Each structure stands twice: as structure tokens, then as C-alpha cells.
Amino acid sequence: MGANQLMKRIENSNPIDFGTVFNKSIELFKKVWLQGFIHLLISMVIVIPLGVILYAPIMALVGVEGVRESYGGYPDQFEELSIGLVILFVILAIIVSIVASAFQFGIMAHFYRVCKQVDMGENENLNYFMFFKGEYLKKIVILSITAFGISLLATLVCVIPLFYVLVPLQILGAMFAFNADLSTSDLVKASFKFGNKIWLTAFLLIFISALLAELVGVVMCFIGIFFTASFVYLPMYYLYKEGIGFESDFKLEKNNDSIE
């Protein structure tokens, strides 16, 4: 659906019932937990090596610190090296964070697609990297940078605004998954518009689903967290479905209106 249609559906969306979304999320989790685990593993395969790359400057700094202790101070060349390594670490930290975030964003968007296919009884598309090509790749990078910037700004302002932006940023993944052809600015605007409208319900669902996923994972000897982590995303899927709906729903409503 187009940006104007999306905004109109958000404006005309009905109130969302907490209990309905939560119960449906539990039922859907029973069907998609394995796919959630597979998506998590794919993310870890990429994110863990990126973390190793990030720690390279730290290990170098440890070596430089050893030189300082041996000499009782930094030789001139090591002083410059130490400053350079700190700058390198900051640059690498930003790059690694954006790359890792973009990759997780794309994998998460595909998981939302799988949730819809399972929920609607459609054939599952197991092309996990469908969003890592062409225009989609550019969008997930820009959206990740945008989300990172918004989170950083909210934290710097006074941390409290971070709780406010948490909801729109969580919805952004589902918004992109089902409207990938819209511009990045339209996706962000729609996420904040919808997030503002359902903020309290969405925040409670995020908090409780995250708490439940962690508790159940801990009960399952901690390793269970890998299997329950995906539950956090399911309320976001149903918030989108119940509040906005899919393009097929829009076409059906349009056809019904024309018949009447």
C-alpha cells in the first residue's frame, strides 16, 4: 500500500486489546519457535565475528598499557599509538554497531514475513536474506542508522525519552517488513504515528513479552533463551496486523466498498 493509504489506515485504526494480542502471540509462538531460533542463529553467525573485530583495538590497547607499565610511562611513539587506537576503536564501534544492527534488522524483517505466512496459512518463504539486495539493502542500512541516531539522541537528552522511542523503533521492523517499497522517511513517520497511538499497550506488551521470554528461557537452564527470544517480536506482528492490516485487507475493503 502507498504512504497515504498507510497513514489513513493508522488514523482510522481501532483500539487494540492487550489480551487478544498477547494470547494470539502465544499461539503463534507454538508454530514459529523453530523459525525464530533459526533466525537468531543466523544473526549470531554474523554478529559474533563483528564483535571479535571490535575487540582487536582493545587488545592492542592492553599491549600498549603493558609497555607503559614497563617503562613507567609512555614513550612518545606509544603515546601517539594509544590515541590512534582509541580513535580507531570509536570508529570501529560505530561501524560495527551499524552493520550488526542492519543485519539483525533485515533478518528480523524476514521473520515477520514468516510469521504472516504461518499465521495466514501461506507457503513459507525461506529466503532469509531476501532484504539484503538492491534497494532493500540500502533501506535497512539507512533505517539502522536512523534508529541508532534516535536512540542515541534520546539517551543523551535524559534517558527517559528512550522509553518513548522504544515503541516506534520496535514497530519499525514490522513496518518495513510489510511496506518495504516505501521510502525510509515514510516508514519512520508511520512507525512514530502508529507508535504514538498505541504506545501504552505496545510498551506493556514489549515489557511483559521480554520478561516472559527471559523467565522461561532461564527455567529451561538458560539455553532456552535462544528458543524463547523470538517471542518478543510476535506482539509487534499482531499490533501491526490488528491495527493496520495488510495490503490484501485493504484491497478487499476497497472491493467491498465498490460493490456496495
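Structure: see above.
Worth saying up front: this structure is predicted, and the values here are computed from it rather than measured. (Residues numbered from 1 in each chain as written. Predicted model: local features only at pLDDT ≥ 70, side-chain atom pairs only at ≥ 80, totals over all residues. Heavy atoms only, no water.)

(A) Broad picture of the overall build of the chain. Regarding its fold elements, the chain presents 10 helices and zero strands. Element order for the chain, N to C, with α for helix and β for strand: α-α-α-α-α-α-α-α-α-α. Per-residue burial over the chain gives 40% buried out of 260 residues. Taking the contacts inside the chain whose residues are at least 6 apart along the sequence as the reference set, 76% of them involve residues at least 24 apart. (Helix = DSSP H or I, 4+ residues; strand = E, 2+ residues; numbered from the N terminus. Buried < 20%, exposed > 50% of the residue type's maximum accessible area, 1.4 Å probe, protein only. Contact = heavy atoms within 4.5 Å.)

(B) Broad picture of the packing of aromatic side chains. Within this structure, the stated rule accounts for 23 aromatic pairs. Here Tyr112 and Tyr233 contribute two aromatic rings whose centre-to-centre distance is 6.1 Å and whose plane-to-plane angle is 85°, an arrangement assigned as edge-to-face. A residue pair is termed long-range when its members are at least 10 positions apart, and Tyr112 in helix α3 (residues 76-119) and Tyr233 in the loop between α8 (225-228) and α9 (234-243) qualify at 121 residues. Aromatic pair Phe131 and Tyr136: ring centres 5.5 Å apart, planes at 65°, arrangement edge-to-face. Through successive ring pairs, a cluster of aromatic residues spans Phe178, Tyr237, Tyr238, Tyr240 and Phe246. One cation-aromatic arrangement involves Lys116 over Phe246; the distance from NZ or CZ to the ring centre is 5.0 Å. (Phe/Tyr/Trp six-rings, centres within 6.5 Å; stacked < 30°, edge-to-face > 60°. Lys NZ or Arg CZ within 6 Å of the ring centre and 35° of its normal.)

(C) A look at the packing of helix α4 (residues 134-158) against helix α5 (residues 160-178). Between α4 and α5, the shortest axis-to-axis distance is 8 Å and the interhelical angle comes to 170°. The pairing of α4 with α5 is recorded here as roughly antiparallel in orientation. Residues Tyr136, Lys139, Ile140, Leu143, Ala147, Ile150, Ser151, Ala154, Thr155, Val157 and Cys158 of α4 lie in contact with α5, whose contacting residues are Ile160, Pro161, Leu162, Val165, Leu169, Leu172 and Phe176. (Axes fitted to C-alpha atoms, helices over the stretch in contact; angles between N-to-C directions. Parallel < 35°, antiparallel > 145°, perpendicular 65-115°, else oblique.)

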